[in-house]
There are 2 protein chains.
Amino acid sequence: MNSKIIIAIDAMGGENAPFKNIEGVSFFLKKNKKNDVFFNLYGNEVLLKEELSKYKISSDKYKIFSTTTIVSDEETPLTAIKNSKESSMWKSINSQITSNSNITLSAGNTGVLFVISRMLLKTIETVSKPALAGLWPNKKNMNVVLDLGANVECDEKNLVDFSEMGAALYKALFPDDIPKVALLNIGSEEIKGTETLKKAYAKLKEISAYGDFEFNGFIEGNKITNGESNVIVTDGFTGNIALKTAEGTVKFITDSLKKSLTSTLLSKFSIIFSYFALKKFKEKLDPRKFNGAIFLGLKGPVVKSHGSTDAVGFYHSIDLCYRIIKGDLMNKIKNNLSHIDEDNKQK
Amino acid sequence: MNSKIIIAIDAMGGENAPFKNIEGVSFFLKKNKKNDVFFNLYGNEVLLKEELSKYKISSDKYKIFSTTTIVSDEETPLTAIKNSKESSMWKSINSQITSNSNITLSAGNTGVLFVISRMLLKTIETVSKPALAGLWPNKKNMNVVLDLGANVECDEKNLVDFSEMGAALYKALFPDDIPKVALLNIGSEEIKGTETLKKAYAKLKEISAYGDFEFNGFIEGNKITNGESNVIVTDGFTGNIALKTAEGTVKFITDSLKKSLTSTLLSKFSIIFSYFALKKFKEKLDPRKFNGAIFLGLKGPVVKSHGSTDAVGFYHSIDLCYRIIKGDLMNKIKNNLSHIDEDNKQK
């Protein structure tokens with residue numbers, strides 16, 4: 001087994017590809033001193049070579065796999081499988097099978113990435129539906145939130161799978177911390193919400209005995225960021241609405257704040273004094289730090305970066321890939337899922 | 001017909017009742033110079049008289065209806081109807097039938113308020129399900145958002161009713177502005193989301209021809225506050241999660257900001273200079289200004305104030321009641337709903 005972590009990168013995916021993708025790789029290599037990473041880069045060879053030399057990236061850090069097409073933003077999941085076999089996205093995913101890549105990172109078309117990943121890598125046998133998980137800051141550290149939109153409708157089995165997989169992801173990323181699962185609901189009492197949520201609640205209470213996670217029951221939307229739970233589980237419709245509502249709220253507030261702080265000469269003056277404090281505040285909430293959603297439930301890990309991110313954002317999703325493999329995510333998922341199976345057999 | 005707006009107040013409902021309730025009444029009377037409001041107050045006569053005299057409220061502004069019990073927070077919707085017939089909440093709702101009240105305001109137990117209101121006032125014949133609507137700030141002014149939690153599951157007919165009723169509420173509160181309805185979804189394209197949402201989309205597109213509102217189609221959570229739409233329609237589960245997630249996000253950010261701005265001596269110093277700017281910022285987002293959710297779809301209007309609000313918050317929900325009656329909400333709802341009927345008949 002190769003002792004290096006090998007990350008396959010769809011170097012042509014995203015609005016600023018391949019430029020920001022390669023710059024992100026260079027950021028990562030500058031920060032990572034362990035010399036335990038290798039990149040399989042998929043894209044236009046000439047373009048990539050040019051960018052790689054710009055950042056003086058040593059050729060023992062990567063291998064270029066030349067590809068001829070790019071998945072466009074207009075491509076639909078329905079036609080993608082026929083159209084994109086020669087694309088950088090397809091090849092970077094398939095490299096987990098045909099080559100030695102441990103994980104794939106793309107900033108390209110999300111729907112297409114999901115469909116191709118699912119087809120090439122296959123869903124884990126016992127998983128009912130794969131999910132899209134993301135990171136979300138909380139008061140103490142970070143939440144894993146899933147599903148963020150892969151599955152519009154979910155049953156209790158899906159939610160239980162998401163909980164075990166989300167807990168595995170949390171443990172892989174934060175090995176010193178305990179995953180604390182909560183189901184997003186409109187009240188914290190056991191009797192609240194849909195039948196699906198009540199059934200998932202009962203099952204999670206039972207299955208938490210295996211010790212993969214603590215189960216905190218139901219939480220409401222206003223408790224997502226309080227840090228008492230760190231694996232927030234919900235269906236893809238609700239998760240997507242919650243995530244985007246939070247994003248919109250952050251923008252609304254920071255815009256209002258900016259407007260207020262520049263409304264008078266005196267308040268403008270004050271910014272000089274609070275410059276470093278505000279900078280720290282901005283840094284803490286910098287969305288680029290949370291860039292990268294993870295497809296969970298496939299036989300190989302795939303990370304989706306925001307399409308419009310810059311090199312810093314792309315660097316953070318490379319770092320996420322690195323930590324996922326370092327934290328042995330796939331074995332943790334396997335272990336956690338086996339407990340669902342075990343629990344079902346005992347009945 | 002009485003030319004005054006008569007507001008029935010459950011003076012014993014809420015954590016700070018009857019003190020903050022009566023103080024809220026006094027705030028309102030100080031601000032309202034039109035002399036066109038009268039209060040029917042329900043509660044403990046001795047207590048109420050004491051509070052009313054404290055604020056020197058003129059006795060031609062109110063009538064006290066003495067009640068003997070209070071609906072507790074522990075009361076459930078199931079047992080409330082049997083237990084609460086003598087309560088201030090019950091009597092204040094019933095006064096729309098037995099007395100001359102135009103609208104009811106309570107800060108008491110939400111579930112019980114909803115059940116009693118529904119039983120006493122009855123649902124409008126053509127409305128499939130009543131909804132809970134709230135106000136939510138946006139970049140330009142204010143959104144009406146519904147349903148906020150009355151109905152966990154909704155079909156397309158519910159969503160269409162909510163749209164017409166929400167548009168009527170918006171028009172009653174902001175007579176100079178045009179209601180712009182949008183359905184909350186996980187994408188803005190017509191093909192996104194559940195079957196229910198797609199059917200509601202088609203019907204709303206059709207029915208918007210009557211001119212009750214402009215229809216902006218689907219919007220995602222991050223667009224709720226951008227001001228392009230102002231009547232945001234969704235099922236009660238999603239609406240509740242979105243509202244509370246936004247609340248939690250506001251708290252998370254303002255807490256982080258506060259922490260940053262007081263982290264160093266220099267930044268603490270800066271607060272002196274930005275004091276007024278930050279005060280303006282805080283005022284703009286003051287949740288007390290949005291205090292008051294409206295039950296829509298009953299034959300009489302009922303407003304729910306936050307249980308823990310103070311006198312300023314209670315004042316704002318009194319003001320909401322006033323504007324609802326001033327804006328002729330009930331007739332506007334009737335008019336809008338008749339268009340659904342008309343449209344159905346044409347098929």
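Residues numbered from 1 in each chain as written. Chains lettered and ligands numbered in written order. Predicted model: local features only at pLDDT ≥ 70, side-chain atom pairs only at ≥ 80, totals over all residues.

(A) Structural context of the interface of chain B and chain A. Residue-level contacts link 47 residues of chain B with 47 residues of chain A. Every element with two or more residues in the side of chain B that touches chain A is listed here: α8 (236-261) and α9 (265-284) of chain B. Ranked by residues supplied to the side of chain B that touches chain A, first place goes to α8(B) with 18 residues. Of the residues contributing to the side of chain B that touches chain A, the split by class is 21 nonpolar, 18 polar and eight charged. (Contact = placed C-beta atoms within 7 Å. Helix = DSSP H or I, 4+ residues; strand = E, 2+ residues; numbered from the N terminus. Nonpolar A, V, L, I, M, F, W, Y, C, P; charged D, E, K, R; others polar.)

(B) Local environment of helix α2 (residues 45-54) of chain A. All names here are of chain A. For α2, every residue scored as buried is listed here: L48, E51 and L52. Projected onto a plane normal to the axis of α2, the buried residues spread over an arc of 100° and lie on a single side. Exposed and oriented more than 90 degrees from the buried face of α2 are V46, S53 and K54. If you follow the buried residues of α2, they end up packed against α1 (19-31), β2 (37-43) and β3 (62-66). (Buried ≥ 20, exposed ≤ 12 C-beta atoms within 10 Å, placed from the backbone. Arc of directions from axis to C-beta.)

(C) Region of interest: the pairing of strand β1 (residues 5-10) of chain A. Residue and element names in this part refer to chain A. Most of β1 is tucked away: five of the six residues are buried. Judged from the six bridges that link them, β1 and β2 form a sheet pairing that is parallel. The residue bridging I5 from the neighbouring strand is V37, located in β2. Assessed by its sense of winding, the connection that carries the chain from β1 through α1 to β2 is right-handed. (Pairing = 2+ DSSP bridges. Right-handed = clockwise from strand over helix to strand, strands pointing away.)

(D) Broad picture of the sheet that holds strand β4 (residues 103-106) of chain A. Residues and elements named next belong to chain A. Strand order across the open sheet formed by 11 strands is β3-β2-β1-β4-β11-β10-β5-β6-β9-β7-β8, with mixed pairing between neighbours. Only two strands of the sheet have a single partner each, and these edge strands are β3 and β8 (214-219). Between one strand and the next, the sheet's axes are offset by a mean angle of 25°, whatever the strand orientation. Two strands pair when backbone bridges link them, and strand β7 (residues 180-184) and strand β9 (residues 231-233) are joined in this way by three bridges, in the parallel orientation. (Axes fitted to C-alpha atoms, helices over the stretch in contact; angles between N-to-C directions.)

(E) The arrangement of the packing of helix α4 (residues 88-98) of chain A against helix α5 (residues 110-121) of chain A in detail. Residues and elements named next belong to chain A. Two elements in contact, α4 and α5, have axes whose closest approach is 10 Å; the angle formed by their N-to-C orientations is 30°. By the angle class used here, α4 and α5 are roughly parallel. For the pair α4 and α5, the crossing hand works out as right-handed. Every residue of α5 that contacts α4 at M89, W90, I93, N94, Q96 and I97 is listed here: V112, L113, I116, S117, L120 and L121. (Parallel < 35°, antiparallel > 145°, perpendicular 65-115°, else oblique. Left-handed = near helix turned anticlockwise from the far one by under 90°.)

(F) A look at the domain arrangement of chain A. All names here are of chain A. Here chain A is described as being made up of domain 1 (1-125 + 297-327) and domain 2 (128-291). Taken together, the contact between domain 1 and domain 2 spans 15 residues of the former and 12 residues of the latter. Those elements that provide at least two residues to the side of domain 1 that touches domain 2 are α5 and α10 (311-326). Sort the elements by how many residues they give to the side of domain 1 that touches domain 2 and α10 lands first, with six residues. In terms of residue class, the side of domain 1 that touches domain 2 is made up of four nonpolar, nine polar and two charged. (Domains from an automatic or database assignment.)

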